[in-house]
Amino acid sequence: MDEFELGVPALVCRWRLSGRTLPLENRHLRALSQRRVNGAPVTTGLVAWAKQHIEWTLADGAALNPDGVLMVVVDEAGRAAMTVGPYEPLAAAEPSALAARALASAREAVTTDVAPESLWAVREGALAWGASEDELPSGAASLVLDLARTLGVPVTRDPRLAGTVATGEGEPQVLLVSDEHGVVPASGCDDELARRLAQGYATLLEKASRRPFGA
């Protein structure tokens, strides 16, 4: 979509597409506005640029990968580019594998303020979000928070969750919430709430894919 040479990437966002559209567009853009690049907040100009390109060029740019991944790359100088690539499902969904992804994402959040992937656990009908008290939600995480609110499900934060699960200890009823992969229950997770959250995300993608082109 944008083709020019960037410097060293300081921020890379990977957002799932469906039917050449970005189903969580407003959520992703809101999360982008809350990120930092090299210690400085993302500018309103960068967010406006991203929104403009999504509205004007995404449909054509995603023609070869209508259900692919939109990548927004920002370099250390604040220059940005967009491109679309194919979507590749997760190779492994064991609890420890999902936890490892969440830990890597949490390290990214140290410099950007927003983790694109996080681990969640179902505990007696409630949700534990593996995030620190001051961590801001990604686009996908904000969706899960709203779904939980709609379902009347309480949410607490547990910043130690991913580290505990990554060692092979504790809870099998966990799920990854990812801007790229959506809501992914761990293999072996048979909890009804986890399935409902995953289905809610899948329904969102399905509705987007059925939307008349250009609507």
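Everything below is about the structure shown above.
Residues numbered from 1 in each chain as written. Predicted model: local features only at pLDDT ≥ 70, side-chain atom pairs only at ≥ 80, totals over all residues. Heavy atoms only, no water.

### Overview of the sheet that holds strand S9 (residues 174-178)
So the rule is basically this: The pairing criterion is simple: DSSP has to find at least two bridges between the two strands. In this description a helix means any DSSP run of H or I spanning at least four residues, a strand means any run of E spanning at least two, and both kinds are numbered starting from the N terminus. The axes used here are C-alpha line fits, helices contributing only the stretch in contact, and every angle between their N-to-C directions lies in the interval 0 to 180 degrees. Throughout, a contact is declared for two residues whenever any of their heavy atoms are within 4.5 Å.
The strand order across the open sheet built from five strands is S8-S7-S6-S9-S10, with neighbouring strands paired in mixed fashion. Each edge of the sheet is formed by a strand with only one pairing partner; in this case those strands are strand S8 (155-157) and strand S10 (182-185). Across this sheet, the average inter-strand angle for adjacent strands is 25°, counted without regard to direction. The pairing of strand S6 (residues 117-123) with S9 spans five bridges and is antiparallel. Paired with Ser118 across the two strands is Val177, which belongs to S9. This element, helix H3 (residues 95-112), spans S6, S9 and S10 of the sheet and lies at about 130° to S6. Together, S6, strand S7 (126-129), S9 and S10 form the strand contacts of helix H6 (residues 192-210), whose direction differs from that of S10 by roughly 150°.

### Thoughts on the packing of aromatic side chains
Our working rule: Pairs were defined over the aromatic rings of Phe, Tyr and Trp, the Trp ring being its six-membered one, requiring ring centres within 6.5 Å. Orientation was assigned from the angle between planes: stacked under 30 degrees, edge-to-face over 60, tilted for the rest. Relative accessibility decides the category of a residue: with a 1.4 Å probe and only protein chains considered, values under 20% of the type maximum give buried, values over 50% give exposed, and everything between is partly exposed.
Evaluated as defined, the whole model comprises one aromatic pair. With a centroid separation of 5.2 Å and 15° between ring planes, the pair formed by Trp120 and Trp129 is classed as stacked. The pair Trp120 / Trp129 is uniform in exposure class, with both members buried.

### Structural notes on helix H2 (residues 44-61)
Let me state the cut-off plainly: At any given residue, the bend is defined as the angle formed between two axes, one fitted to the seven residues that end at that position and one fitted to the seven that begin there.
Maximum bend of H2: about 45°, positioned at Glu55. Within the sequence span of H2, burial applies to Leu46, Val47, Trp49, Ala50, His53, Ile54 and Leu58.

### Quick look at the sheet that holds strand S4 (residues 69-75)
Overall, antiparallel pairing links the three strands, which are arranged S1-S4-S5 in an open sheet. Of all strands in the sheet, those bounded by a partner on one side alone are strand S1 (9-16) and strand S5 (80-85). Direction aside, the axes of adjacent strands within the sheet are offset by 20° on average. The pairing of S4 with S5 spans six bridges and is classified as antiparallel. The partner of Val69 across the bridge, within S5, is Gly85. Its contacts with the sheet place H2 against S1, S4 and S5, and it is angled at close to 30° to S5.

### Comments concerning the packing of helix H1 (residues 25-33) against helix H4 (residues 139-151)
The following threshold applies: For classification purposes, angles smaller than 35 degrees are called roughly parallel, those larger than 145 roughly antiparallel, those between 65 and 115 roughly perpendicular, and all remaining angles oblique. Crossing chirality is assigned from the near helix's rotation relative to the far helix, an anticlockwise turn below a right angle marking it left-handed and a clockwise turn marking it right-handed.
Across the interface, H1 lies against H4 with an axial gap of 8 Å and an inter-helix angle of 120°. Relative to H4, H1 is oriented oblique. Between H1 and H4 lies a crossing whose hand is right-handed. Facing Arg27, His28, Arg30 and Ala31 of H1, the residues of H4 in contact are Gly139, Ala140, Ser142, Leu143 and Asp146.

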